[in-house]
Amino acid sequence: MGAIVEVENLTKTYKDGLIALGGVSFTIEAGEILALLGPNGAGKTTLISALCGITAPSGGHARIGGHDVVRDWRAARRLVGLVPQEVALEPFERVINTVRFSRGLFGKGRDEALIERILRQLSLWDKRNASTRELSGGMKRRVLIAKALCHEPRVLFLDEPTAGVDVELRRDMWEVVRELKAQGVTIILTTHYIEEAEAIADRVAVINKGEILLVENKANLMRRMGRKTLRIDLVQPVDTVPEALAAYDLERIEEGAALLYHYDTRGDGTGITRLLQALAREGLCLRDIETRQSSLEEIFVGLVQEGAA
Amino acid sequence: MNLRAIWAIYTYEMKRFFRTIFESLLSPVISTTLYFVVFGAAIGGRIEEVEGVSYGAFIVPGLIMLSVMTQAISNASFGIYFPKFIGTIYEHLSAPVSSFEIVTGYVGAAATKSLVIGAVILMTARLFVEIEIMHPSMMVVFLVMICISFALFGFIIGIWSENFQQLQLVPLLVVTPLVFLGGAFYSVSMLPPAWQVVTLFNPVVYLISGFRWAFFGVADVSPGFSLAAVAVFFALCLAAVWVIFRTGYRIKS
Ligand SMILES: Nc1ncnc2c1ncn2[C@@H]1O[C@H](COP(=O)(O)OP(=O)(O)O)[C@@H](O)[C@H]1O
Ligand SMILES: [Mg+2]
């Protein structure tokens, strides 16, 4: 599958001179779930707004389905559904009517069967005749998703879909996102929850201060995160790591008072038992052992700090 | 051209009107009746005729203009201001809809509503006085052009406004006084000579005069001037809307 969203050096400077995007480039593959992860004010909403036509980019290019979002805006926007960060709904309108309106706005003819399917999928069918202002916050967000889906977009942007939503609803939302992916929809969701990115994304893009710091396959990130370090404090410092332990790739620190062993928790075996036995055979006495995990959070914080430096 | 989008906006706006059809029509009917009671009975008793037309009939075109202009403005300005205010404008901006299509939907709906109200006022007035329309097709041309132009004007106000006060400011401080002073209830020739000259700087005079001419064949200014005035006003509003969308003024950040 090819790239469905291509962003090249996209910039956005607001009228007050604030540079919200400072030359962002990345691509999104058709059919994937990309989590755009970054702290508040990182530029996530601005990036989505520039791609969807809410705000005019100051420079650079972006294409959706091969159509430039500025020059060929009509073709590009036909492919896109947007669920905004702020819940905005006409208060006195019935749920089903706002959804029908969205479909009309995107130039699609009536399709009541499709609307029914979408409302059912989002558990909104029973509420279809309710006035939107009667709905709870979580239900309102579902209505926004229904509005975005009813014109059959190929790319769906979800801007912080689970902010301020309780845990149960968040799980439901993830379920919906997975179903959509199964239907072939490409999904870009922004979040500042690391667990969220971890739970549903295929790839994670980390953004801070208007810069994309990395775009990486989640599995790779997890692998980094899955790495643990075993620290072995020795009673007697060693000058060199004994020959017999070479296979473990040990790192000598604090002038040999301690050794570090890096291993992968997700491997077929961590090798810890064998290492400890080998240490005993070499006659090394252990004072203490300790294990540490580097989390996605740590990786993330590290990246954000690097970006700030 | 995304015709379905225009239709979606138009019908959505019209639904709002029909949802409150009773209130929407009741208030113009009541105010027309009141105007007849006040102007027709009280003043009409003293001014029997103006330029050969009974005073009761003479004020009908002015009454229609007053309602049509204020209704076109308030409907169109509210129509576009509301999505801005509650944030649902994001959907228009992210949809494959051009500004032309958005304007057509909102302005078309606001013009239709004010047209309906104008027709209802005319029918109400007929209950009180006998009215014969001398140039019916010109009457319709004036009415439709004015509905559309003022709806466009209202659309501009709705885009420009940042709060509800501003939304009401222009209709209240500019349009209503200009209509009252524009000969809605009197003929310009009834004013002292100096005021007659001042009055000619009021653009609304030309609109009301032309509309009244279509009814009774009497006018303060020549009907050609009136037609030109309507066309110029329409063109100015259209140009302003075009500039607004070109620059994204107060719509996109
Ligand atoms: N309309 C605007 N005008 C000026 N500055 C803005 C506007 N919208 C957002 N910003 C600023 O741009 C930066 C990025 O904001 P945003 O894209 O909303 O971040 P995020 O969605 O990641 O929290 C912030 O510093 C924010 O204050
Ligand atoms: Mg945001």
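Residues numbered from 1 in each chain as written. Chains lettered and ligands numbered in written order. Predicted model: local features only at pLDDT ≥ 70, side-chain atom pairs only at ≥ 80, totals over all residues. Heavy atoms only, no water.

Things to note about the overall build of chain A
Here comes step 1: Helix and strand content of chain A: ten helices and 14 strands.
Here comes step 2: Compactness check: chain A gives a C-alpha radius of gyration of 25 Å against a globular reference of 19 Å for 309 residues, more than 25% above the reference.
Here comes step 3: In terms of its C-alpha atoms, chain A occupies a principal-axis envelope of roughly 80 × 45 × 35 Å.
Here comes step 4: Going through the 309 residues of chain A one by one, you find that 50% of them count as buried.
Here comes step 5: For chain A, restricting intrachain contacts to residue pairs at least 6 apart in sequence, the fraction spanning at least 24 positions comes to 68%.
Here comes step 6: Accessible surface computed for chain A: about 14,400 Å², of which carbon and sulfur atoms make up 47%.
Here comes step 7: Positive and negative side-chain charges of chain A, numbering 41 and 44 respectively, have mean locations separated by a distance of 8 Å. (Helix = DSSP H or I, 4+ residues; strand = E, 2+ residues; numbered from the N terminus. Rg over C-alpha atoms; globule rule 2.2 N^0.38 Å. Buried < 20%, exposed > 50% of the residue type's maximum accessible area, 1.4 Å probe, protein only. Contact = heavy atoms within 4.5 Å. Areas by Shrake-Rupley, 256 points an atom, 1.4 Å probe, with all protein chains shown as cover. Lys, Arg positive; Asp, Glu negative; His and termini not counted. Charge placed at Lys NZ, Arg CZ, Asp CG, Glu CD.)

Details of the overall build of chain B
Here comes step 1: The secondary structure content of chain B amounts to ten helices and two strands.
Here comes step 2: Ordered by position in the sequence, the α and β elements of chain B form the string α-α-β-β-α-α-α-α-α-α-α-α.
Here comes step 3: The C-alpha radius of gyration computed for chain B amounts to 19 Å, which stays within 12% of the reference 18 Å derived for 253 residues, consistent with globular compactness.
Here comes step 4: C-alpha atoms of chain B, sized along the principal axes, occupy 60 × 40 × 35 Å.
Here comes step 5: Within chain B, buried positions represent 50% of all 253 residues.
Here comes step 6: In chain B, 12 positive and 11 negative side-chain charges are present, and the distance between their average locations comes to 15 Å.

Observations regarding the coordination of the magnesium ion (ligand 2)
For a metal with four donors in a tetrahedral arrangement, the ideal angle between donors is 109.5 degrees, while six donors in an octahedron ideally sit at 90 or 180 degrees.
Residues and elements named next belong to chain A.
Here comes step 1: The magnesium ion (ligand 2) binds to the protein through Thr 45 (OG1) and Gln 85 (OE1), with metal-donor distances spanning 2.0 to 2.2 Å. One end of the pair, Thr 45, is in helix H1 (residues 44-52); the other, Gln 85, is in the loop between strand E6 (80-83) and helix H3 (95-105), with 40 residues separating them in the sequence.
Here comes step 2: Residue Thr 45 is classed as partly exposed on the basis of its relative accessible area of 32%. (Donors = N, O, S within 2.8 Å, 3.2 Å for Na, K, Ca; no water.)

Quick word on the sheet that holds strand E8 (residues 186-191) of chain A
All names here are of chain A.
Here comes step 1: Taken together, the six strands give an open sheet; going across it, the order is E6-E7-E8-E3-E9-E10, and neighbouring strands pair in mixed fashion. For this open sheet the edge positions go to E6 and strand E10 (211-217), each flanked by a neighbour on one side alone. Sheet twist, expressed as the average angle between the axes of neighbouring strands with direction ignored, equals 15°.
Here comes step 2: Where strand E9 (residues 203-208) meets E10, six bridges bridge the pair, whose relative direction is antiparallel. Considered in E10, the bridge of Ala 205 is made with Val 215. (Pairing = 2+ DSSP bridges. Axes fitted to C-alpha atoms, helices over the stretch in contact; angles between N-to-C directions.)

Description of the site of ligand 1
Here comes step 1: Within the structure, ligand 1 sits among 13 residues, and Gly 41, Gly 43, Lys 44, Thr 45 and Thr 46 of chain A are positioned closest to it.
Here comes step 2: The environment of ligand 1 is shared, with nearby residues belonging to chains A and B.
Here comes step 3: For ligand 1, an oxygen atom lies 2.8 Å from a polar atom in the backbone of Lys 44 of chain A.
Here comes step 4: Between Thr 45 of chain A and ligand 1, the recorded distance is 2.7 Å, taken from a side-chain N or O atom to an oxygen atom.
Here comes step 5: Coverage of ligand 1 by the protein chains reaches 66% of its 560 Å² of free accessible surface.
Here comes step 6: Here the shell around ligand 1 gets three residues from one element, more than from any other, and that element is H1 of chain A.
Here comes step 7: Across the shell around ligand 1, the residue classes tally to five nonpolar, six polar and two charged. (Near = heavy atom within 4 Å. Polar contact = N/O pair within 3.5 Å; in protein donor to acceptor, adjacent residues only side chain to side chain. Nonpolar A, V, L, I, M, F, W, Y, C, P; charged D, E, K, R; others polar.)

Structural notes on the interface of chain A and chain B
Here comes step 1: On the side of chain B, 26 residues touch chain A, which itself brings 31 residues to the contact.
Here comes step 2: The largest contributions to the chain A side of the interface with chain B come from Glu 90, Phe 101 and Leu 105 of chain A, which together make up 26% of the buried area.
Here comes step 3: Along the contact surface separating chain A from chain B lie four salt bridges.
Here comes step 4: Note that Glu 90 of chain A and Arg 16 of chain B form a salt bridge whose closest N and O atoms lie 2.8 Å from each other.
Here comes step 5: If you look at where chain A meets chain B, you find eleven residue pairs in polar contact (both at pLDDT 80 or more).
Here comes step 6: Going through the elements one at a time, helix H2 (73-78), H3 and helix H5 (137-149) of chain A are the ones with two or more residues in the side of chain A that touches chain B.
Here comes step 7: Considering each element in turn, the side of chain A that touches chain B owes the most residues, six residues, to H3 of chain A. (Buried area = accessible area lost by both parts, 1.4 Å probe. Salt bridge = Lys/Arg side-chain N within 4 Å of Asp/Glu carboxyl O.)

Comments concerning the domain arrangement of chain A
Here comes step 1: Each assigned domain of chain A is listed here: domain 1 (3-223) and domain 2 (227-293).
Here comes step 2: Once you take the C-alpha centre of each, domain 1 of chain A and domain 2 of chain A turn out to be 47 Å apart. (Domains from an automatic or database assignment.)

So, a nonpolar patch on the surface
All names here are of chain B.
Here comes step 1: Together, Trp 160, Leu 169, Leu 172, Leu 173 and Val 174 line one region of the surface with nonpolar side chains, adding up to about 470 Å² of accessible area.
Here comes step 2: Looking at which element gives the most residues to the nonpolar patch, the answer is helix H7 (residues 164-180), with four residues.
Here comes step 3: Taking the relative accessible area as the measure of exposure, Leu 169 reaches 39% and is therefore partly exposed. (Patch = residues over 30% accessible without salt bridge, like charges linked within 9 Å, V, L, I, M, F, W, Y side chains within 5 Å.)

Examining the environment of Glu 251 of chain A
Residue and element names in this part refer to chain A.
Here comes step 1: Mapping Glu 251 onto the fold places it in strand E12 (residues 251-253).
Here comes step 2: In the structure, Glu 251 is positioned 175 residues away from Ala 76 in sequence and 53 Å away in space, judged by C-alpha atoms.
Here comes step 3: Here Glu 251 is in contact with Ala 258, Leu 259, Leu 260 and His 262, once residues within four sequence places are set aside.
Here comes step 4: A distance of 2.9 Å separates the side chain of Glu 251 from the side chain of His 262, its partner in a polar contact.

Things to note about the packing of aromatic side chains
Here comes step 1: A full pass over the atoms with the stated rule returns 18 aromatic pairs over all chains.
Here comes step 2: For the ring pair Tyr 248 of chain A and Tyr 261 of chain A, a centre distance of 6.0 Å and an interplane angle of 80° mean the geometry is edge-to-face. In this pair, Tyr 248 of chain A is assigned in the loop between strand E11 (227-234) and E12 and Tyr 261 of chain A in strand E13 (residues 258-264), connecting sequence segments 13 residues apart.
Here comes step 3: Relative accessible area serves as the criterion here: at 14%, Tyr 248 of chain A is assigned to the buried category.
Here comes step 4: Centroid distance Tyr 35 of chain B to Phe 185 of chain B: 5.4 Å. Interplanar angle 25°. Geometry classified as stacked. One end of the pair, Tyr 35 of chain B, is in helix H2 (residues 21-43); the other, Phe 185 of chain B, is in the loop between H7 and helix H8 (193-199), and 150 residues separate them in sequence.
Here comes step 5: According to the relative accessible area criterion, Phe 185 of chain B is buried, its value standing at 6%. (Phe/Tyr/Trp six-rings, centres within 6.5 Å; stacked < 30°, edge-to-face > 60°.)

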